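# Architecture and fold: a report
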Amino acid sequence: MNRDDLRELLVQIDLYVEGLFAPPDPVLEAALRRSREAGLPEINVPRNEGKLLQLLAEIAGARRVLEIGTLGGYSTIHLARALPEGGSLISLELDERYAGVARENVREAGLEDMVEVRVGDAKASLARMVEESEGPFDLVFIDADKGGYPEYLEWALRLSRPGSLILADNAIRGGSVLDPEDESARATLDFNEQIARDTRLSALVLPLIREDIDGIAIARVLGP
Ligand code: SAH
Ligand code: DHB
Ligand code: MG
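Reading guide: rules and limits
- Residues numbered from 1 in each chain as written.
- Chains lettered and ligands numbered in written order.
- Predicted model: local features only at pLDDT ≥ 70, side-chain atom pairs only at ≥ 80, totals over all residues.
- Heavy atoms only, no water.
- Donors = N, O, S within 2.8 Å, 3.2 Å for Na, K, Ca; no water.
- Helix = DSSP H or I, 4+ residues; strand = E, 2+ residues; numbered from the N terminus.
- Buried < 20%, exposed > 50% of the residue type's maximum accessible area, 1.4 Å probe, protein only.
- Near = heavy atom within 4 Å.
- Polar contact = N/O pair within 3.5 Å; in protein donor to acceptor, adjacent residues only side chain to side chain.
- Areas by Shrake-Rupley, 256 points an atom, 1.4 Å probe, with all protein chains shown as cover.
- Nonpolar A, V, L, I, M, F, W, Y, C, P; charged D, E, K, R; others polar.

### Describing the coordination of the magnesium ion (ligand 3)
Protein coordination at the magnesium ion (ligand 3): the donors are Asp143 (OD), Asp169 (OD) and Asn170 (OD1), at 2.0 to 2.2 Å from the metal. Donor residues binding the magnesium ion (ligand 3) come from one chain and are separated in sequence as D-x25-D-N. With aspartate 143 in the loop between strand E4 (139-142) and helix H7 (149-158) and aspartate 169 in strand E5 (residues 165-169), this residue pair connects regions lying 26 residues apart in the sequence. Look at aspartate 169 and you get buried, because its relative accessible area is 0%.

Now the structure itself:
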């Protein structure tokens with residue numbers, strides 16, 4: 001099979017899985033439409049990955065979730081849907097306007113009682129959260145500026161407990177992590193190596209099919 005045929009097959013498999021397990025959802029579609037109309041970049045997680053986020057949060061029994069990188073709140077809605085009554089999610093976003101769109105999307109999804117979107121540079125927000133002992137979180141999802149991933153990992157660990165899950169989007173980036181000379185993927189490569197080697201974590205990167213190939217990092221914080 002040549003490269004184009006393989007690519008087409010992978011896309012068809014992705015669509016097959018999506019059709020079965022993540023069929024059209026009016027709330028999610030409205031959130032994407034609102035985000036598009038507001039001119040937000042279309043860099044939300046794909047529907048399949050959103051479903052995976054929801055499943056992982058459910059499997060972890062997460063009650064408190066931290067997200068780094070909100071955009072229009074598309075991944076936020078998936079994660080918040082996994083929460084039990086009384087659960088909560090804090091999502092950190094640099095852009096005030098994006099945060100406004102996300103709050104509206106979360107409200108329209110009926111999740112506003114559980115979700116708080118905080119505006120500012122996530123690094124400063126995270127430092128404040130550690131200072132004010134806002135942890136531990138049961139699940140942290142990293143999906144902001146890719147250069148910040150190694151630092152976000154350190155903050156995530158400080159805001160976790162044994163058993164917490166640390167997830168990160170864009171762990172493969174079209175395969176650019178395979179090229180150690182590719183500076184644009186440097187921080188992602190460092191991040192992946194960190195979670196692979198850190199003895200506090202048990203981790204894996206799961207490749208995912210998109211228009212291009214990407215992946216999600218899944219790490220579980222081990223006992224003390
Ligand atoms: N998780 C979202 C997509 C996030 S895209 C989803 O799947 O639906 C990445 C987001 O990170 C963008 O909205 C961008 O504004 C935000 N971001 C970039 N740098 C940031 C920083 N330093 N602090 C907080 N957010 C940041
Ligand atoms: C892009 C994709 C993402 O999932 C993200 O979080 C940030 C940027 C991109 O394709 O540029
Ligand atoms: Mg992403």
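Next comes the rest of the account.
### Re the site of ligand 2
In the vicinity of ligand 2, the contacting residues are Ile43, Asp143, Lys146, Asp169, Asn170 and Arg210. Contacts to ligand 2 include lysine 146, whose side-chain N or O atom sits 2.8 Å from an oxygen atom. Contacts to ligand 2 include asparagine 170, whose side-chain N or O atom sits 2.8 Å from an oxygen atom. Considered on its own, ligand 2 offers 290 Å² of accessible surface; in the complex 58% of this is hidden by protein. Among the residues forming the shell around ligand 2, the class breakdown is one nonpolar, one polar and four charged.

### So, the side chain of aspartate 198
With respect to the element layout, aspartate 198 can be found in the loop between helix H8 (186-197) and strand E6 (201-209). In terms of polar contacts, aspartate 198 uses its side chain to reach the side chain of arginine 200, at 2.7 Å.

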